[in-house]
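Here is how the chains run, residue by residue.
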Amino acid sequence: MLFRSPVPESITRSGRRLPRVWYERRMPGAAGPAVAIDVTPLIGPRSGIGVAVASIMTALRAHEPDIDPVPYTLSARAGRHPLGVPDGTRAVTLPAGPLTRVWAHSDRPRIDRRLAPARVVHATNYLAPPSRFPVLVSVWDCSFVRDPQHCPPAVRALAPVVRRAVARGATLHCASEFAAAEAEEVFGPGLRAAGRLAVVPLGVPDIPAGGTLPAAVEAAVGDRKSTRLNSSHVSESRMPSS
């Protein structure tokens, strides 16, 4: 059960009073933690990370009723009511670029109060905020560290943020053993042995009903052949007979 509780009013250095914010939190004794989840990747066109985050939110609500997700965004450009995010999303309207640079070298500013009543923070897109609470950072791959020349500056700048989060005690989540091995090498070593590196593969996404395969693929499957698709051609190899 949830009840409404106010965040205490705060006063800035200039003397300006910030408005009191109300949030919902669990009644004492209720099961399950409240987990803050960065849903910034849901804003705008969906990348692979955006699809993964959307699936995580859907799966949590469908299969983990004891977990109370607290979605939040880190974006000044998207404003307080960005499109594409779940209802009730906390909009932390701070620019991601300056936050990246500051969080690479400092444990301020913290955003814990804006994420109340969360007691765990899941940074789904590398930008891990400093927090008094346990932090989970999803590391989908390490190309921004291994091959930085192929990444834009905004992506390369995330490497020291992740390193600092690890130094503070964050746990890393990877979706494959390959990514985990890279993360252990780049941000470890010793994370896996310490129980701070978890491999949780992504599930199979929902496939819309009524979809059709391309004609070439349909013909290959009907002829008991496997296909390998790339950007220029379909190469077929005979499947072993059963």
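Note that the structure is a prediction, hence the values are computed from the model and not measured. (Residues numbered from 1 in each chain as written. Predicted model: local features only at pLDDT ≥ 70, side-chain atom pairs only at ≥ 80, totals over all residues. Heavy atoms only, no water.)

Okay, the overall build of the chain next. When its secondary structure is counted, the chain shows seven helices and eleven strands. In the chain, which comprises 242 residues, the share counted as buried stands at 36%. The long-range fraction of contacts in the chain, counting pairs at least 24 apart against all pairs at least 6 apart in sequence, stands at 52%. (Helix = DSSP H or I, 4+ residues; strand = E, 2+ residues; numbered from the N terminus. Buried < 20%, exposed > 50% of the residue type's maximum accessible area, 1.4 Å probe, protein only. Contact = heavy atoms within 4.5 Å.)

On to the nonpolar core, then. Soluble, globular proteins show a tendency: their nonpolar side chains are buried together. By size, the foremost hydrophobic cluster in this structure holds 52 residues, and its most contacted members are V137, V139, L172 and F187. It is helix 1 (residues 48-63) that provides the largest number of residues to this core, a total of seven residues. Setting aside anything within four residues of it in sequence, one finds V137 in contact with A123, Y126, A128, A165, A170, T171, L172 and H173. (Core = buried A, V, L, I, M, F, W, Y, C linked by side-chain atoms within 4.5 Å.)

Attention now moves to the side chain of T124. Mapped onto the elements of the fold, T124 is located in the loop between strand 6 (120-123) and strand 7 (135-138). At 2.6 Å, the side chain of T124 and the backbone oxygen of D38 are in polar contact. The residues contacting T124, other than those within four sequence positions of it, are I37, D38, P41, I49, V53, S138 and W140. (Polar contact = N/O pair within 3.5 Å; in protein donor to acceptor, adjacent residues only side chain to side chain.)

Summed over the entire model, instances satisfying the criterion amount to six salt bridges. Its salt-bridge partner being D107, residue R164 comes within 3.1 Å of it at the nearest N-O pair. Here D107 lies in the loop between helix 2 (96-103) and strand 6 and R164 lies in helix 5 (residues 158-168), a separation of 57 residues in the sequence. The exposure class assigned to R164 is partly exposed, which follows from its relative accessible area of 27%. (Salt bridge = Lys/Arg side-chain N within 4 Å of Asp/Glu carboxyl O.)

This part is about the environment of V120. Locating V120 in the fold gives a position in strand 6. Using a relative accessible area of 25% as the deciding quantity, one classes V120 as partly exposed. For the pair V120 and V35, spaced 85 residues apart in sequence, the C-alpha to C-alpha distance is 4.8 Å. When near neighbours in sequence (up to four residues on either side) are disregarded, V120 contacts A34, V35, A36, F133 and P134.

With that settled, the discussion passes to the pairing of strand 7. Bridging between strand 6 and strand 7 involves three bridges; their strand directions are parallel. The residue bridging H122 from the neighbouring strand is L136, located in strand 7. Judged from the three bridges that link them, strand 7 and strand 8 (residues 171-174) form a sheet pairing that is parallel. Note that in strand 8 the partner of S138 across the bridge is H173. (Pairing = 2+ DSSP bridges.)

This part covers the layout of surface pockets. One number sums up the size of the second largest pocket: a volume of about 800 Å³. Along the wall of the second largest pocket there are 28 residues; nearest its centre are A52, S55, I56, A59 and L60. Sorting the residues of the lining of the second largest pocket by element identifies strand 3 (34-38), helix 1, strand 6 and strand 8 as the ones contributing at least two each. At ten residues, the largest contribution of residues to the lining of the second largest pocket is made by helix 1. (1 Å grid on protein atoms, 1.4 Å probe; cavity = no way out; pocket = protein on both sides within 12 Å on 5 of 7 lines; lining within 4 Å. Points joined across faces, edges and corners; volume = space filled by probe spheres on them.)

The next point concerns the packing of aromatic side chains. Enumeration over the complete set of coordinates arrives at two aromatic pairs. Their ring planes at 35° and their centres at 6.4 Å tell us that F144 and F187 sit as a pair that is tilted. Here F144, found in helix 3 (residues 143-146), pairs with F187, found in helix 6 (residues 177-187); they are 43 residues apart in sequence, far enough to count as distant. In this pair, the class of F144 matches that of F187, namely buried. Grouping aromatic residues by their ring pairs yields a cluster made of Y126, F144 and F187. (Phe/Tyr/Trp six-rings, centres within 6.5 Å; stacked < 30°, edge-to-face > 60°.)

Position of P86 relative to the elements: it lies in the loop between strand 4 (68-74) and strand 5 (90-92). Of the residues examined, P86 reaches a relative accessible area of 17% and is grouped as buried. Not counting chain neighbours up to four residues away, the residues in contact with P86 comprise V39, L42, M57, R61 and P71.

Turning to helix 2, a few remarks are in order. The complete set of buried residues in helix 2 reads L99, T100 and W103. End-on view of helix 2: buried residues confined to an arc of 105°, all on one side of the axis. (Arc of directions from axis to C-beta.)

Counting all residues, the mean pLDDT for the chain is 81, and 78% of those residues have values of 70 or more. Note that residues 1-29 has pLDDT below 50 and, in this model, 53 contacts with residues that lie over four places away or in other chains. Low pLDDT (under 50) marks residues 224-242, which in the prediction has 22 contacts with non-local residues, meaning those over four places away or in another chain. (pLDDT = per-residue confidence, 0-100.)

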